[in-house]
Amino acid sequence: MDELYLRDNPHLGEHPLAFNLSARIPSHKKFASIFTLESGEMLDTRDALAGSFPGISLKIIHIIFQQLDLASLAKLGATSKGMQRLVSSLPKLVALMHCAPDAIRAINAAKAGRLLVCSDMYEKLLQPTCDQCGDPGETLHIFRCERLCNYCLTTVEHYRALRPSEAVAQYALNRNDVYAFPSLRVPAYSDEAFDERRFCFRQVNTSGWKLIDPEDVFRLSIKTHGSVDEARRRGSESLRKLLITGGFRNITPEDWLEISLRHAGEPSEVFKGRIIAHLPPGVESACSVSILFPWYDVSTGFYGLPVLCTACLAGYVPLQGCYYCAPGRDEHMARRGEIIDGTHVKNT
């Protein structure tokens, strides 16, 4: 919780200093949400729409439609008022819209609604822990639909998305196959974020980048070359030829990659032209496919940043009961007692 955008953003909504898509949401006036649920209308089984699902209970209808991705649900909701009422009545979607409206807007801004299934997102809404390490997680990786802590997001390399040109160059793949992969487009920073960040951070600006999931690249590499290692070897051979063509005969692909990591972002003749596509993806590519994503604590009704209570952990409380939402800290302390010498002490 050392990051400023977490300390003053307990509900994990939009924030201008976030390193992910939560700083790239256009204003409400310019950019509406992917869904319109303001009416709060619910599906009435006496409605004419019920005739489309004869003999099927409302619960089953909800289960079926909640298996769709967000983009498909939005398109269905736009077809008729009846479908709009049906979409508006989906319990898991309503929970997502209530707890994580800014996350939905960020997904819409990146045109990534087709990448996330409603029920899968809801499962992550109820999960406080990072899928990678088990610590409290504050972000959702859009391609994988995994909840991650900031450390795992920025250090585990397979969460770093690729640009199509990078996949083609580094894995020696067919351009048409790669560009057919599902992708998202990184939106520009919001006006507020741009104003606050320009004097605070020095980082690679990924606005406008088209990004794809490396897992798709790995699968195509296996199909095309037999293994990911063989695909990388062929990509390295292509890099070696480019270095020779560019007059850098004394630099091996391995040396070039080492140089690129040491001097990332610095202007150099070694990093110009087609050769730049061989640069390994940086941490900014992982941040550009993630969003701040709150945890919904069903037991208390609070939602926001998950926090692990070390006092509960020391008191042998089951692990699931050791978490509380940052906005619900006072309620947690009132229920368990203030922390004194590392343990909860209930006032009598």
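Residues numbered from 1 in each chain as written. Predicted model: local features only at pLDDT ≥ 70, side-chain atom pairs only at ≥ 80, totals over all residues. Heavy atoms only, no water.

**Examining the overall build of the chain**
As a reminder of what qualifies: Per the convention used, a helix needs a DSSP run of H or I reaching at least four residues, while a strand needs a run of E reaching at least two, with both numbered from the N terminus. Burial classes: relative accessible area under 20% of the type maximum marks a residue as buried, over 50% as exposed, and values in between as partly exposed (1.4 Å probe, protein chains only). Per-residue accessibility takes into account occlusion by the displayed protein chains alone, with areas from the Shrake-Rupley method and a 1.4 Å probe.
For the chain, the count of helices and strands is 17 helices and eleven strands. Within the chain, the proportion of its 348 residues that are buried is 47%. Working note: accessible area of the chain is about 18,000 Å², and carbon and sulfur atoms make up 54% of it.

**Considerations on empty space enclosed by the protein**
Where we set the bar: A pocket, in this scheme, is an open set of points on a 1 Å grid over the protein atoms alone with protein on both sides within 12 Å along at least 5 of 7 lines, while a cavity is a set where a 1.4 Å probe fits but cannot get out; residues line either one if an atom lies within 4 Å of a point. Grid points are joined across faces, edges and corners, and a volume is the space filled by probe spheres set on the points.
Applying the stated rule across the entire model yields one cavity of 30 Å³ or more. Of the voids in this model, the largest cavity is the one considered here, and its volume is about 30 Å³. Looking at the largest cavity, the residues that line it are Asp297, Thr300, Phe302, Tyr324, Cys325, Gly328, Glu331, His332 and Arg335. The dominant element in the lining of the largest cavity, judged by the number of residues it contributes, is helix α17 (residues 329-336), at three residues.

**Brief notes about unusual backbone geometry**
Of note in the backbone geometry, Lys111 takes a positive phi value of approximately 55° without being a glycine. Secondary-structure assignment places Lys111 in the loop between α6 (101-109) and α7 (118-125). You can call Lys111 exposed: its relative accessible area is 57%.

**Some thoughts on the sheet that holds strand β5 (residues 290-292)**
Selection rule: When DSSP locates at least two bridges between a pair of strands, those strands are taken to pair. Lines fitted to the C-alpha atoms define the axes, with helices restricted to the stretch that makes contact. Angles between their N-to-C directions range from 0 to 180 degrees.
Taken in spatial order, the three strands make up an open sheet running β2-β1-β5, and their pairing is antiparallel. Where the open sheet ends on each side, the last strands, each with one partner, are β2 (146-148) and β5. With strand direction ignored, the average angle separating the axes of adjacent strands in the sheet is 30°. Of the pairings in the sheet, the one linking strand β1 (residues 139-141) to β2 comprises three bridges and is antiparallel in character. Directly across from Leu140, in β2, lies its bridge partner Arg147.

**Things to note about the side chain of His332**
Quick note on the threshold: The contact criterion used is simple: two residues touch if any of their non-hydrogen atoms lie within 4.5 Å.
The residue His332 is located in helix α17 in this model. Here His332 is in contact with Cys309, Cys312, Tyr324, Gly337 and His344, once residues within four sequence places are set aside.

**Regarding the confidence of the model for the chain**
How we decide: pLDDT is a residue-level measure of predictor confidence that goes from 0 to 100.
For the chain, the average pLDDT comes to 84, and 81% of its residues sit at 70 or higher. A low-confidence stretch, residues 38-43 (pLDDT under 50), is modelled with 13 contacts involving residues beyond four sequence positions or located in other chains. Counting contacts from residues 265-271, a segment whose pLDDT is below 50, to residues more than four positions away or on other chains yields eleven contacts.

**Structural notes on the packing of helix α5 (residues 91-99) against α7**
We count it as follows: Geometric relationships in this document are graded by angle, where less than 35 degrees denotes roughly parallel, more than 145 denotes roughly antiparallel, 65 to 115 denotes roughly perpendicular, and other angles denote oblique. Two helices that cross are described as forming a left-handed crossing if the nearer one is turned anticlockwise from the farther one by less than a right angle, and a right-handed crossing if clockwise. Ten residue types, Ala, Val, Leu, Ile, Met, Phe, Trp, Tyr, Cys and Pro, are classed as nonpolar, four, Asp, Glu, Lys and Arg, as charged, and the remainder, Gly among them, as polar.
Orientation of α5 relative to α7, taken along the N-to-C sense of each, is 55°, at an axis distance of 9 Å. On the basis of their axis angle, the class for α5 and α7 is oblique. Judged by the twist between their axes, the crossing of α5 over α7 is left-handed. Where α5 approaches α7, its residues Lys92, Leu93, Ala95, Leu96 and Cys99 are matched on the opposing element by Cys118, Ser119, Met121, Tyr122 and Leu125. Each residue belonging to the contact of α5 with α7 can be placed in one class, and the counts come to eight nonpolar, one polar and one charged.

**Notes on the nonpolar core**
Soluble globular proteins tend to bury their nonpolar side chains together. Spelled out, the test is: What we call a nonpolar core is a set of buried Ala, Val, Leu, Ile, Met, Phe, Trp, Tyr and Cys residues that are connected through their side-chain atoms within 4.5 Å.
Counting residues in each nonpolar core, the largest one holds 41 residues, and the members touching the most others are Met121, Ile142, Leu184, Ile291 and Phe293. Of all elements in the fold, only α2 (58-65), α3 (70-77), α4 (81-88), α5, α6 and α7 reach the threshold of two or more residues within this core. If you tally residues by element for this core, the top one is α5, at five residues. Ignoring any residue separated from it by four or fewer positions in sequence, one finds Ile142 in contact with Leu21, Ile107, Ala112, Leu115, Leu116, Leu184, Val289 and Ile291. By size, the runner-up hydrophobic cluster in this structure holds twelve residues, among which are Leu173, Val178, Leu220 and Ala231.

**Structural notes on the UniProt feature "domain: F-box" (unreviewed entry) in the chain**
Which entries qualify depends on this criterion: UniProt positions are given in the numbering used here, feature names are shortened, and annotations may be inferred rather than shown by experiment.
Per the UniProt record, "domain: F-box" (unreviewed entry) is found at residues 57-92. The span residues 57-92 shows a helical share of 72% and a strand share of 0%, and its end C-alpha atoms are spaced 17 Å apart.

**Section: the pattern of salt bridges**
To keep things clear, this is the line we draw: By definition here, a salt bridge exists when the distance from a side-chain nitrogen of Lys or Arg to a carboxyl oxygen of Asp or Glu is within 4 Å.
Under the definition given, this model contains ten salt bridges. Between Arg105 and Glu14 there is a salt bridge whose closest N-O contact spans 3.6 Å. Pair noted here: Arg105 is in helix α6 and Glu14 is in the loop between α1 (4-7) and α2, with a separation of 91 residues, a long-range link. Of the residues examined, Arg105 reaches a relative accessible area of 3% and is grouped as buried. One salt bridge connects Asp131 with Lys124, and the closest N-O pair in it is separated by 3.1 Å. Since its relative accessible area comes to 13%, Lys124 is described here as buried.

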